[in-house]
Amino acid sequence: MEKTRWYKDMVFYQIWPRSFKDGNGDGMGDLWGVYEKLDYLKELGIDGIWFSPIYPSPGADCGYDISDYMDIAPEFGGMEAFRKVLDGVHRRGMKLIMDLVVNHTSDEHEWFQKSRQRIDPYTDYYIWRPAKADGSLPNNWDSNFEGKAWTYDEVRGEYYLHLFAVKQPDLNMDNPLVREEVKKILRFWLDMGVDGFREDVITYISKKEGLPDDHLFPIYKGMPNYNHGPHIHEYLAEFKRDVLDHYDCMTLAEAPLVSPKLALRYIDEETGQMDMMIQFQCQCADCLFTDYLPTPFFLPRLKRAFTSWQQGLEGRAWNMLYLENHDHPRIVTRYGSEEFWSESAKMLAVSYLFQKGTPFVYQGQELGMTNWRPERADMYRDVQTLWQYTHSALNKTEEQRLKRLWRSSRDGARSPVQWSSEENAGFTTGEPWMAVNPNYKRINAADQEKDPASVLNFYRRAIALRKRLSAVRHGDYREYFPLSPDVYVYAREDERQKLLVICSFAKKTLALPVPEGFDIDSGRLVLLNYPKAKKHFLQPYEARVYLWEK
Ligand code: GLC
Ligand code: CA
């Protein structure tokens, strides 16, 4: 089947379903709620939706612990609501991709229940090991969420590997039967009409033979022995050859610790096995690898991440562009400024929407939602956050510990979408499963709908503009002033147009940075996040886009 690579002209939206919109009043987001909002997404200029997991799940990791891959959880509306949403999406000319989480399952999945009892063919579906001769754990690996990566199972009398939560046992992808299961899942959804997959931590699925101890990494011990493992490309090629090649679908690989060069092994359009990649470097301008190791925000790091991916994939692979998702605190609070809230939210939109690639907008980002800061630790829901709270920084005061979570927790971006100034931000008529951000009276979709200068309307304009400009979709990318700690300036150019994008990340007024060779006065200012531009100055967090038609 010919691949048309339809995703290249699109803008995607990520729905994290629990907190998107509650349709039945039980306090949790669901597909009925999504159905109500399809026109809202269409009006935003969205062409495709990525659903974080909506399968049956005990919810240990908010759905990333799946107990049945071929069904939709009843609390989200079951298969009936899903088919209705899928149909509604397609009728509006949009696409829909699912989250494929096959590094691990839930421990409540039937496969695991049988595997722990050694019932064939499931006996070797997971990674089981006895203790070492001295009684210690099978190796020294850490889990990403909850302490060590091994948990003892009484039923089987062995340890199982879990790179994430205790309730997320890793599948044994070296077992061909497990790979057949993955293919079955892919076919099941593609045959139903789903347009592709975002593949969760897919670079983790092949572990180094013998599962050796890791003597390299001080934290996240083990990662060099399972990230980009020995058989990864072989397994992905198998999924492609046996299933994905037979559908005009798109795949998006989530890949922690990856460089553009390494990415090409996965997504080179000639030789790769997948289409696009979610890299983490654009999330590391204010931390070292994880949000739990914060550093002050440093713009050159962000620009290096942007530019190295723009240049590194040029002509060979296609970028996925994003600033937010459900795994990191909100971007306005981190890279922008709550003081210059509206200006910086809009500037951040400009900073990435005019790059080359397929942009993704995370729910609430288009409203400039800020980081959620609960006043008590027990208001958090995320398994990683709760573990961090109970196991680290114990010598600090409660206030310091809360501050650490505010800065680092994934829940910062998971509070319910703020639809209106009504009770519970219009998210639910019931008791919300997670508290809403109290600033919803000030930041919400209904009010922004009415205000032409709102963040929401700015996103609409920026997305519409991106789609009109051929230079944004296909043009070259060039960055200026890469070392400046205050401004991000880049140009895009094709045979017909030239664009100049200027973004200030500063709280102070700056001299307007104009790269050599650009005559600003002859360009048309096609996007601005202030009522008026000053001739020689950039206002705090100002963003401008200039256009020259050739
Ligand atoms: C990915 C998901 C994250 C999840 C983890 C384990 O990083 O984005 O939300 O917790 O994988 O599935
Ligand atoms: Ca509900």
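Residues numbered from 1 in each chain as written. Chains lettered and ligands numbered in written order. Predicted model: local features only at pLDDT ≥ 70, side-chain atom pairs only at ≥ 80, totals over all residues. Heavy atoms only, no water.

Peer 1: Mind showing me how you'd approach the sheet that holds strand β20 (residues 543-549) here?
Peer 2: Whenever strands of a sheet pair, they do so through backbone hydrogen bonds, lying parallel or antiparallel. Across the sheet, which stays open at both edges, the five strands sit in the order β14-β15-β16-β20-β18 with antiparallel pairing between neighbours. Two strands lie at the open edges of the sheet, namely β14 (476-480) and β18 (524-528), each paired on one side alone. Averaged over all pairs of adjacent strands, the angle between their axes in this sheet comes to 20 degrees, without regard to strand direction. As defined by bridge partners, strand β16 (residues 497-504) adjoins β20 across seven bridges and the pair is classed as antiparallel. Each residue of the ladder has a partner; that of Cys-503, found in β20, is Ala-543. (Pairing = 2+ DSSP bridges. Helix = DSSP H or I, 4+ residues; strand = E, 2+ residues; numbered from the N terminus. Axes fitted to C-alpha atoms, helices over the stretch in contact; angles between N-to-C directions.)

Peer 1: Sorry if this is basic, but what is going on with the pattern of salt bridges here?
Peer 2: Opposite charge on two side chains permits pairing when their charged atoms draw close. With the rule as written, the count across this model stands at 48 salt bridges. The closest approach of N and O atoms between Asp-87 and Arg-91, which form a salt bridge, is 3.3 Å. Here the residue Asp-87 and the residue Arg-91 both occupy positions in helix α3 (residues 78-91), the gap between them amounting to four residues, near one helical turn. In this structure Asp-87 comes out as partly exposed when scored by relative accessible area, which is 41%. Residue class for Arg-91 comes out exposed when judged on its relative accessible area of 55%. (Salt bridge = Lys/Arg side-chain N within 4 Å of Asp/Glu carboxyl O. Buried < 20%, exposed > 50% of the residue type's maximum accessible area, 1.4 Å probe, protein only.)

Peer 1: Is there a simple way to think about the coordination of the calcium ion (ligand 2) in this case?
Peer 2: Ideal values for angles at a metal depend on the geometry: 109.5 degrees with four tetrahedral donors, 90 or 180 degrees with six octahedral donors. Around the calcium ion (ligand 2), the protein contributes the donor atoms Asp-22 (OD), Asn-24 (OD1), Asp-26 (OD), Met-28 (O) and Asp-30 (OD), at 2.2 to 2.4 Å from the metal centre. Along the chain, the residues donating to the calcium ion (ligand 2) fall in the pattern D-x1-N-x1-D-x1-M-x1-D. (Donors = N, O, S within 2.8 Å, 3.2 Å for Na, K, Ca; no water.)

Peer 1: Please clarify how the side chain of Gln-365 should be interpreted in this entry.
Peer 2: Topologically, Gln-365 is positioned in the loop between β13 (358-362) and α11 (383-391). Note on Gln-365: relative accessible area 3%, which makes it buried. Not counting the four nearest positions on each side in its chain, Gln-365 is found in contact with Leu-323, Glu-324, Arg-330, Tyr-352, Phe-360, Val-455 and Tyr-459. (Contact = heavy atoms within 4.5 Å.)

Peer 1: Looking at this structure, I do not really get the site of ligand 1. What am I missing?
Peer 2: Close contacts around ligand 1 come from 14 residues, with Asp-61, His-104, Asp-200, His-326 and Asp-327 the closest. Contacts to ligand 1 include Asp-327, whose side-chain N or O atom sits 2.4 Å from an oxygen atom. Here Arg-410 contributes a side-chain N or O atom positioned 2.9 Å from an oxygen atom of ligand 1. Contact with the protein chains hides 96% of the accessible area of ligand 1, taken as 310 Å² for the molecule alone. Its atoms largely coinciding with the cavity grid, ligand 1 occupies the largest cavity. A per-class count over the shell around ligand 1 returns four nonpolar, three polar and seven charged. (Near = heavy atom within 4 Å. Polar contact = N/O pair within 3.5 Å; in protein donor to acceptor, adjacent residues only side chain to side chain. Areas by Shrake-Rupley, 256 points an atom, 1.4 Å probe, with all protein chains shown as cover. 1 Å grid on protein atoms, 1.4 Å probe; cavity = no way out; pocket = protein on both sides within 12 Å on 5 of 7 lines; lining within 4 Å. Sits in = over half its atoms within 2 Å of the grid points. Nonpolar A, V, L, I, M, F, W, Y, C, P; charged D, E, K, R; others polar.)

Peer 1: Which parts of the structure should I look at to understand the domain arrangement of the protein?
Peer 2: In many reports, interface size means the accessible area that the parts give up when they come together. Split by domain assignment, the protein resolves into domain 1 (9-104 + 176-371 + 439-460) and domain 2 (472-549). Distance from the C-alpha centre of domain 1 to the C-alpha centre of domain 2: 28 Å. In this complex, domain 1 contributes 29 residues to the contact, which on the side of domain 2 involves 32 residues. The contact between domain 1 and domain 2 buries some 2,400 Å² in all, and 68% of this surface belongs to carbon and sulfur atoms. Taken as a group, Lys-303, Met-347 and Phe-354 account for 27% of the area that domain 1 buries against domain 2, more than any other trio of residues on that side. Where domain 1 packs against domain 2, one counts one salt bridge. Here Arg-473 makes a salt bridge to Asp-9, at a shortest N to O gap of 3.7 Å. (Domains from an automatic or database assignment. Buried area = accessible area lost by both parts, 1.4 Å probe.)

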